[in-house]
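Spelled out from the first residue to the last, the chains are:
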Amino acid sequence: MKETEPSAKPSLKLQAYQYLKTRILSCEYAPNQFLNEQKLCAEMGNISRTPMRDALGRLEQEGLITILPKKGLMVSPITDEDVHSIYEVRLLVEPYALRMYGARLPAAELEKFYTLMQHPEMMPDFYAGDDAFHDLLISGLPNKYLRAAHDRITGQNTRFRIMTGKVGMISRKSTCEEHIAILEPALAGDWDAAADALTRHIELARDKAEGVLDRIHLGE
């Protein structure tokens, strides 16, 4: 009997999707930058256009690529309205997920983050740690449609953070204090209080983001 390989290699279309998405979210492919399909295929070792087109179609559905008739492929911009929408979705989804499904979250993971927020120097990448914390808070949410909406704006939030050079977006001290204010009632099983604290945390982040928009104005 032939042995099963321990891990199957991702399909070419998945490889292309992951390759492009990583570069879009990191702003290596900048907003409003035009992309050439043939060059993208060459970048990936001359793969065929079929998996590349599958990947581009998926990224278009996620709002990261815009296909312009007679012009080609463009990395989707981020506008002021996009940023407002990001925080609107976060305020609708994240506190709801914590209030309704917080009891599903593993206590060990919450305790781990409680320790990290008291000692942020233990996190090699604070921004990645912040993202991981928020990912944990919604991880109990079973509604796939809400999860899909939240996943979509998470990528846009990453791009906005990089585009603005993280200026004024996160203060380690205040962020850790706000996270602790969420974690303490969560560890006590008071999910209503934890959700209320999360709402305040996102509202403060929204206010900071709007302050950044006032300085740089991304456009509509």
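Residues numbered from 1 in each chain as written. Predicted model: local features only at pLDDT ≥ 70, side-chain atom pairs only at ≥ 80, totals over all residues. Heavy atoms only, no water.

- Looking at an unreviewed UniProt entry, the chain carries the name GntR family transcriptional regulator, with the source organism given as Candidatus Faecalibacterium faecipullorum.

### Examining the packing of aromatic side chains
Right, on to step 1. This model, assessed by the stated rule, comprises three aromatic pairs.
Right, on to step 2. Taking the centre distance of 6.3 Å and the plane angle of 75 degrees together, the rings of Y96 and Y101 count as edge-to-face.
Right, on to step 3. Across from the ring centre of Y17, 3.6 Å away, lies the NZ or CZ of R58, which sits over that ring.
Right, on to step 4. The side chain of K112 reaches across the aromatic face of F113, ending 5.1 Å from its centre. (Phe/Tyr/Trp six-rings, centres within 6.5 Å; stacked < 30°, edge-to-face > 60°. Lys NZ or Arg CZ within 6 Å of the ring centre and 35° of its normal.)

### Things to note about the UniProt feature "domain: HTH gntR-type" (unreviewed entry) in the chain
Right, on to step 1. This chain's UniProt record puts "domain: HTH gntR-type" (unreviewed entry) on residues 10-78.
Right, on to step 2. Strand forms 14% of residues 10-78 and helix 49%; the C-alpha atoms that close the span are 30 Å apart. (UniProt positions renumbered as here; feature names shortened; annotations may be inferred. Helix = DSSP H or I, 4+ residues; strand = E, 2+ residues; numbered from the N terminus.)

### A look at the nonpolar core
In a soluble, globular protein the nonpolar side chains are often hidden away together inside.
Right, on to step 1. Of all hydrophobic cores here, the largest spans 31 residues; its most connected members are L98, L110, M117 and L137.
Right, on to step 2. The set of elements that each furnish at least two residues to this core consists of α4 (80-101), α5 (107-118), α6 (126-137), α7 (144-163), α8 (172-187) and α9 (191-216).
Right, on to step 3. With nine residues, the single largest contributor to this core is α9.
Right, on to step 4. With sequence-adjacent residues up to four places away left out, M117 is seen in contact with M123, F133, C176, H179, I180 and L183.
Right, on to step 5. Of all hydrophobic cores here, the second largest spans 20 residues; its members include A16, Y29, L59 and V75. (Core = buried A, V, L, I, M, F, W, Y, C linked by side-chain atoms within 4.5 Å. Buried < 20%, exposed > 50% of the residue type's maximum accessible area, 1.4 Å probe, protein only. Contact = heavy atoms within 4.5 Å.)

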